[in-house]
Amino acid sequence: TGAIGLYNVGQSCCLNSLLQVFLMNIHFTRILRRITVPPCARQKSRNVPYQMLLLLEEMQCGKQKAVSPVDLARCLSVHRVKLFVQHDAAQLFLTVWNLIKKQMKKPELVEELSDLYTICVQEHLACQKCSLETKRNSSMLTLPLPVLDSNSQRLKTLEDCLQYFFSPEELTHHNMCFCEQCGKRTPFLQSTKLVCLPQTLTIHLKRFCFEKSANVHKLSHYLPFPQDLDFNAVLTENQCQADDNEKAGWQYELFAVVAHSGSSSCGHYCAYIRSLTECKWYCFNDSEVCQVSWDDVKCTYGHSSLHW
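As recorded in an unreviewed UniProt entry, the chain goes by the name UBP18 hydrolase, listed as coming from Ibidorhyncha struthersii.

Draft legend 1. Looking closely at the overall build of the chain. The number of helices and strands found in the chain is eleven helices and 18 strands. Here the C-alpha atoms of the chain give a radius of gyration of 21 Å, agreeing with the 19 Å that 2.2 N^0.38 yields for 308 residues. Counting only C-alpha atoms and orienting by the principal axes, one finds that the chain spans roughly 65 × 45 × 40 Å. Looking at the chain as a whole, 44% of its 308 residues qualify as buried.

Draft legend 2. Representation of the pattern of salt bridges in the model. Under the counting rule described, the total for this entry stands at seven salt bridges. Note that R34 and E112 form a salt bridge whose closest N and O atoms lie 2.8 Å from each other. One end of the pair, R34, is in the loop between α2 (26-32) and α3 (41-46); the other, E112, is in helix α7 (residues 107-117), and 78 residues separate them in sequence. According to the relative accessible area criterion, E112 is partly exposed, its value standing at 31%. A salt bridge links D71 to R74, with the nearest nitrogen and oxygen atoms 3.0 Å apart. Separated by three residues within a single helix, D71 and R74 lie in helix α5 (residues 70-78), roughly one turn from each other.

Draft legend 3. Geometry of the nonpolar core. Residues F22, F28, M52, I100 and Y117 are the most contacted members of the largest nonpolar core, which totals 41 residues. Broken down by secondary-structure element, the contributors of at least two residues to this core are α1 (13-23), α2, α4 (48-61), α5, α6 (89-103) and α7. In contact with Y117, not counting residues within four places along its chain, are F22, N25, F28, F93, W97, M140, L141, P198, T200 and T202. The next biggest cluster of nonpolar side chains, apart from the first, holds 36 residues, and it includes I119, L145, L229 and C299.

Draft legend 4. The arrangement of the environment of F84 in detail. Its place among the elements puts F84 in the loop between α5 and α6. The class for F84 is exposed, based on a relative accessible area of 56%. Spatially, the C-alpha atom of F84 lies 27 Å from that of E211, the residues being 127 residues apart in sequence. Residue contacts for F84: discarding those within four places in its chain leaves V9, G10 and Q11.

Draft legend 5. Inspection of a nonpolar patch on the surface at higher detail. A cluster of nonpolar side chains, F208, F210 and V216, forms an exposed patch at the surface whose accessible area comes to about 290 Å². Mapped onto the fold, F208 is located in strand β11 (residues 208-210).

Draft legend 6. The arrangement of the packing of aromatic side chains in detail. Tallied over the entire structure, the rule returns twelve aromatic pairs. Both rings, one in F93 and one in Y117, keep their centres 6.1 Å apart while their planes meet at 70°; by these two values the pair is edge-to-face. Here F93, found in helix α6, pairs with Y117, found in helix α7; they are 24 residues apart in sequence, far enough to count as distant. You'll find F93 and Y117 in the same group, each marked buried. For the pair F225 and W294, a centre-to-centre distance of 6.5 Å together with 70° between the ring planes defines the contact as edge-to-face. Remark: W294 occurs in helix α11 (residues 294-297) and F225 occurs in the loop between β12 (216-218) and β13 (228-230); sequence separation between them is 69 residues. A residue is classified by how much of its surface remains accessible, and F225, at 10% relative accessible area, is buried. With relative accessibility at 16%, the residue W294 sits in the buried group.

Draft legend 7. Quick peek at unusual backbone geometry. For S152, which is not glycine, the phi torsion reads 65° and is therefore positive. Along the polypeptide, S152 turns up in the loop between β5 (143-146) and α8 (158-165). Accessibility expressed as a relative area gives 53% for S152, which makes it exposed. Even without a glycine there, the phi angle at C279 is positive, about 60°. Positionally, C279 belongs in the loop between β16 (267-274) and β17 (281-285).

Each value, and the rule that gives it
In every chain, residue numbers begin from 1 and rise along the written sequence. Thresholds applied to this predicted model are a pLDDT of at least 70 for local features of residues and 80 or more for the giving and counting of side-chain atom pairs; totals over whole chains, interfaces and linings are not thresholded and use all residues. Calculation of side-chain values draws on the structure's entire complement of heavy atoms; hydrogens and water are dropped beforehand. Helix and strand assignments come from DSSP, with helices taken as H or I runs of at least 4 residues and strands as E runs of at least 2, each series counted from the N terminus. Throughout, the radius of gyration refers to the C-alpha atoms, and the reference size of a globule is 2.2 Å times the residue count to the power 0.38. Only protein chains enter the accessibility calculation, which uses a 1.4 Å probe. A residue is then buried if its area is under 20% of the maximum for its type, exposed if over 50%, and partly exposed in between. In what follows, salt bridge is the name for a side-chain nitrogen of Lys or Arg lying within 4 Å of a carboxyl oxygen of Asp or Glu. We call a set of buried Ala, Val, Leu, Ile, Met, Phe, Trp, Tyr and Cys residues a nonpolar core when their side-chain atoms join them within 4.5 Å. Throughout, a contact is declared for two residues whenever any of their heavy atoms are within 4.5 Å. The patches reported here contain residues having more than 30% relative accessible area and no salt bridge. Joining distances are 9 Å for like charges and 5 Å for nonpolar side chains (Val, Leu, Ile, Met, Phe, Trp, Tyr). Method for areas: the Shrake-Rupley scheme with a 1.4 Å probe, in which residue coverage is limited to the protein chains shown. Only centres within 6.5 Å qualify two rings of Phe, Tyr or Trp (six-membered ring in Trp) as a pair; their planes then separate them into stacked at under 30 degrees, edge-to-face at over 60, and tilted for everything else.

Structure follows, in structure tokens:
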């Protein structure tokens, strides 16, 4: 029946935007449709993936322009997700995703969900006084890219942000680490290398900084991103820890943008999403949904007086 909006049930624009991104991703909904239905009413009301499935079915079967996510919002509140507050989109995405993963009973679905979203990296620490080097594999749900460099200068493009994130960093002075081989604190070189990328890659632009007063300040400056992104063309060999077969899949098409307008203390979220079945862009602004062009999506590149 076309794209369906979600009513705002009390400062739920952030949740609504994230839900639209989840439910417009056909790779995610294929997993969601295979979940085990909880046996009793109480478990159904507390099960996040089941409530998401009910919401999806209501959106797909109804003829109204928007539906209410109130049952899912109540379900999330049971799991200590606060309602009627402004959330940070990246933090709420992590919280909801972890609840979905935790409550999926089938191991094969948990594995598919991880393959769909999880990023694998290898963290390196090398002592600059001796040959000691430690490596540690870890996983993350988003790539948290800074938009300022170490000198608080603006990075100009998404590719610049990626390059900066995977560039080695010298740990000196008060940031020095204890070296077991040297027996004292020494300068270290810290780096993160990319090992594996998921089918759906989530990038978090860290558009905030801390002022001297310890208040959080939002960074709204212009930062463009492409419709197509090839990691092989952005990162160097030294920034990757993967074989050629893995790197062959490191090419992406932009699927969605969750954008925030306003200040760090108040504002509004909406989502621009490209339908994977129609190949058309839509703007999801709570209950209002309209088709847009790529030029419209570019308004999320950022500026201080952003209007949808």
